[in-house]
Structure formats: structure tokens, C-alpha cells
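# Structural overview
Read off the chains here:
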Amino acid sequence: MVKTYRHESILGFFKGMSFPIASIAVVNSVLFGVYSNALLALTATSHHERRLQPPSYTHVFIAGCTGGFLQAYCLAPFDLIKVRLQNQTEPRARQGGPPPRYRGPVHCAASIFQEEGPRGLFRGAWALTLRDTPTLGIYFVSYEWLCRQATPGGQNPSSTTVLVAGGFAGITSWVTATPLDVIKSRMQMAGLEQREYQGLLDCMVSSARQEGLGVFFRGLTINSARAFPVNAVTFLSYEYLLHLWG
Ligand SMILES: C[N+](C)(C)CCCC[C@H](N)C(=O)O
């Protein structure tokens, strides 16, 4: 952190942000848009009416799963590019060394398209869908449950409640998503490493055989630590914008 700050000032910490920001904007608007509209279709109540007539947890779960399922398809190519770039351990060309395989997100997308075909951009999408459909149902159920615990009936949750409930909903969702997250990332890397898995099950079995069951919890701590602030802010923005425009 000190080195980055000295060399590049505060801006150094925000390098390469345009790609994740653009993808998060698209993916979250699909997720929250589908969730809200699915809930509207299921319960026939608007966001405001829902304080007095709270939807059942089953409806919240179904709406969350629907949102999760549809956002997974928008997320798949972006997520693949992220995983490929993050796994590139030599991000910058060194003098005399070989040039990096991918020069940036656009070059990465173009190379995958050329080398692996248009379907290559959706590598691992099936595992991503399986990861996100139930766990985003859990995400919205946890958020609703925590808000209701801390808010007297008929009232809007306070900003603090929204932040804390959003943060914990993010953690709950990531804890349940981590096993399939590991498998998804391995399948996304497979096209590059010339090692093919027969499918999701094959990837699960061979990973567990080689590395033990602990493999399914790789990255759990870092995912959860990241999930709290990210999802606290996500839900606060969601509630605030609905309040503003609704
Ligand atoms: C379902 N899964 C756990 C994968 C994601 C849930 C939270 C989504 C949020 N955009 C984030 O990045 O944390």
C-alpha cells in the first residue's frame, strides 16, 4: 500500500476500475431489477406497500433465485475475463521476458473469442448459474429477515439496519456460494491450461481427490471480508434510490 501510494498517489488504488465498474453496474441492475419485478408479480405489492404487507420468505426466495439465474448470464463473460486476468501472474511485460498473454480486458475478450470461439466466452457459465441461483435467493431472504428483526412493524429499516443486514446477507450468500465458486473458477481456467474437465462433477471429484475437502472452502475468509462492505453499500444504495424515485 505504501509503495503504491508513494509512486502513484491515491489514484494508484483505483487502477483498472472502469471494467469492474461497468460490469457491476450491468449485473446489479439486472439482479435487482429482476428481483423487484419478480416480487411485484408474485405479491402484487409495490416496494412502498411492502412495509405494511411484507412478502413471504418463499416469495422473496423465488424472486431472488430468478434474479440470480438471469444475472448469471450477464455476469459470465465479465467474470471469465476477471478470472483469466487475475490468474495472469506476470501482468506486465518485463524486459527480455515474454509479453503477457492478455494485455487488458478488451484484448482478453478478443483473444478468448478467437481462440475458443464465441461459446468460449461462456465457459463455466453453467457452474456460475448453479452458484448464483440458490445463493442469491439466500441473499435476499437473509437481508429481509435481518431487517425485519431490527425494525418495528410497518416502519422502514434505518440506514444502519440496512448496512448491517446487507453486509451479513453478503457474507451468508458467499459462505454458501464458495464451494461452487472454487469449481467455477477452475472450469474457467481450464480452457487456458490445456486441461479439460469432463464437466462440473468431474472437476469437483478430481479437485477433492487431489487436494482434500478443504478445497471447497478456498478463499472463504477473503470473500467474506470483502462481502460485508460491498453488500452493505449495495443495499443502502438500492433502498435509497427506490425511496428517491419510487
Ligand atoms: C451469490 N454470490 C455469493 C456469488 C454473490 C452475492 C453478492 C453479490 C455482490 N455483487 C458481491 O459481489 O458480493
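Residues numbered from 1 in each chain as written. Predicted model: local features only at pLDDT ≥ 70, side-chain atom pairs only at ≥ 80, totals over all residues. Heavy atoms only, no water.

All told, the structure shown has twelve aromatic pairs when counted by the stated rule. Seen in terms of ring centroids, Y139 and F140 are 5.1 Å apart; in terms of plane orientation they differ by 80°. Their pairing is edge-to-face. For the residue pair Y139 and F140, the accessibility class agrees, reading buried in each case. In textbook terms, an aromatic cluster arises when at least three aromatic residues are bridged by ring pairs, as seen for F32, Y35, Y139, F140, Y143, F235 and Y238. (Phe/Tyr/Trp six-rings, centres within 6.5 Å; stacked < 30°, edge-to-face > 60°. Buried < 20%, exposed > 50% of the residue type's maximum accessible area, 1.4 Å probe, protein only.)

To continue, consider a nonpolar patch on the surface. A contiguous nonpolar patch, built from M1, Y5, I10, L11, F13, F14, M17 and I21 and spanning about 900 Å² of accessible area, is present on the exposed surface. Among the secondary structure elements, L11 is positioned in the loop between α1 (2-8) and α2 (18-43). (Patch = residues over 30% accessible without salt bridge, like charges linked within 9 Å, V, L, I, M, F, W, Y side chains within 5 Å. Areas by Shrake-Rupley, 256 points an atom, 1.4 Å probe, with all protein chains shown as cover. Salt bridge = Lys/Arg side-chain N within 4 Å of Asp/Glu carboxyl O. Helix = DSSP H or I, 4+ residues; strand = E, 2+ residues; numbered from the N terminus.)

Before going further, it helps to spend a moment on the environment of H47. Here H47 is to be found in the loop between α2 and α3 (57-86). H47 sits ten residues away from N37 along the chain, and the two C-alpha atoms are 9.9 Å apart. Contacts of H47, omitting those with residues within four sequence positions, involve E239 and L242. Polar side-chain contacts of H47 include one of 3.3 Å to the side chain of E239. (Contact = heavy atoms within 4.5 Å. Polar contact = N/O pair within 3.5 Å; in protein donor to acceptor, adjacent residues only side chain to side chain.)

Here the focus is the environment of T178. Mapped onto the secondary structure, T178 falls in helix α6 (residues 159-193). Considering only alpha carbons, one finds T178 and R218, 40 residues apart in sequence, at a separation of 7.4 Å. If we ignore the near neighbours within four places in the chain, the residues touching T178 are F216, F217, R218, L220 and N223.

Helix-helix packing is characterised by the crossing angle of the two axes and by the distance between the axes. Relative to each other, α2 and helix α8 (residues 220-245) sit at 55°, their axes nearing to 12 Å. By the criterion of interaxial angle, the relationship of α2 to α8 is oblique. As α2 runs across α8, the sense of the crossing is right-handed. Residue-level contacts link N28, F32, Y35 and S36 of α2 to T234, F235 and Y238 of α8. (Axes fitted to C-alpha atoms, helices over the stretch in contact; angles between N-to-C directions. Parallel < 35°, antiparallel > 145°, perpendicular 65-115°, else oblique. Left-handed = near helix turned anticlockwise from the far one by under 90°.)

Here the UniProt-annotated "transmembrane region" (unreviewed entry) positions come out as residues 21-44 and 56-76. The span residues 21-44 shows a helical share of 96% and a strand share of 0%, and its end C-alpha atoms are spaced 33 Å apart. Counted over residues 56-76, helix gives 95% and strand 0%. Its end C-alpha atoms are 30 Å apart. (UniProt positions renumbered as here; feature names shortened; annotations may be inferred.)

Going through the model one piece at a time under the given rule, you end up with eleven salt bridges. Between E211 and R186 there is a salt bridge, with the nearest N and O atoms lying 2.9 Å from each other. In this pair, E211 is assigned in helix α7 (residues 200-211) and R186 in helix α6, connecting sequence segments 25 residues apart. Several salt bridges share partner residues, and in doing so they unite D79, K82, R131, D132, D181 and K184 into one network.

This part covers the nonpolar core. Among the nonpolar cores identified, the biggest contains 17 residues, and L31, F32, Y35, Y139, F140, Y143 and F235 are the most heavily contacted of them. Taken together, the elements giving at least two residues each to this core come down to α2, α3, α5 (125-150), α6 and α8. Of the domains in this structure, domain 1 (1-154) and domain 2 (158-245) are the two that each give at least three residues to this core. When residues no more than four places from it in sequence are discounted, the contact partners of Y143 are V162, A165, G166, A169, F235 and E239. Counting residues in each nonpolar core, the second largest holds eleven residues, with V182, A190, C203 and F216 among its members. (Core = buried A, V, L, I, M, F, W, Y, C linked by side-chain atoms within 4.5 Å. Domains from an automatic or database assignment.)

Right, let's talk about the state of the cysteines for a bit. Summed over all chains, the structure comprises zero disulfides. No disulfide involves C74; its sulfur sits 17 Å from that of C65, the nearest cysteine. The partly exposed category is assigned to C74, whose relative accessible area is 26%. You can see C108 has no disulfide; the closest cysteine sulfur is in C74, sitting 18 Å from it. C108 sits in the buried class, given a relative accessible area of 0%. (Disulfide = S-S within 2.5 Å.)

It is worth spelling out α5 at this point. For α5, built from 26 residues, the straight-helix expectation of 38 Å at 1.5 Å per residue is met to within 8% by its first-to-last C-alpha distance of 37 Å. Helix geometry: α5 is bent most strongly at T135, by close to 25°. (Expected span 1.5 Å × (residues − 1). Bend = angle between axes of the 7 residues up to and from the residue.)

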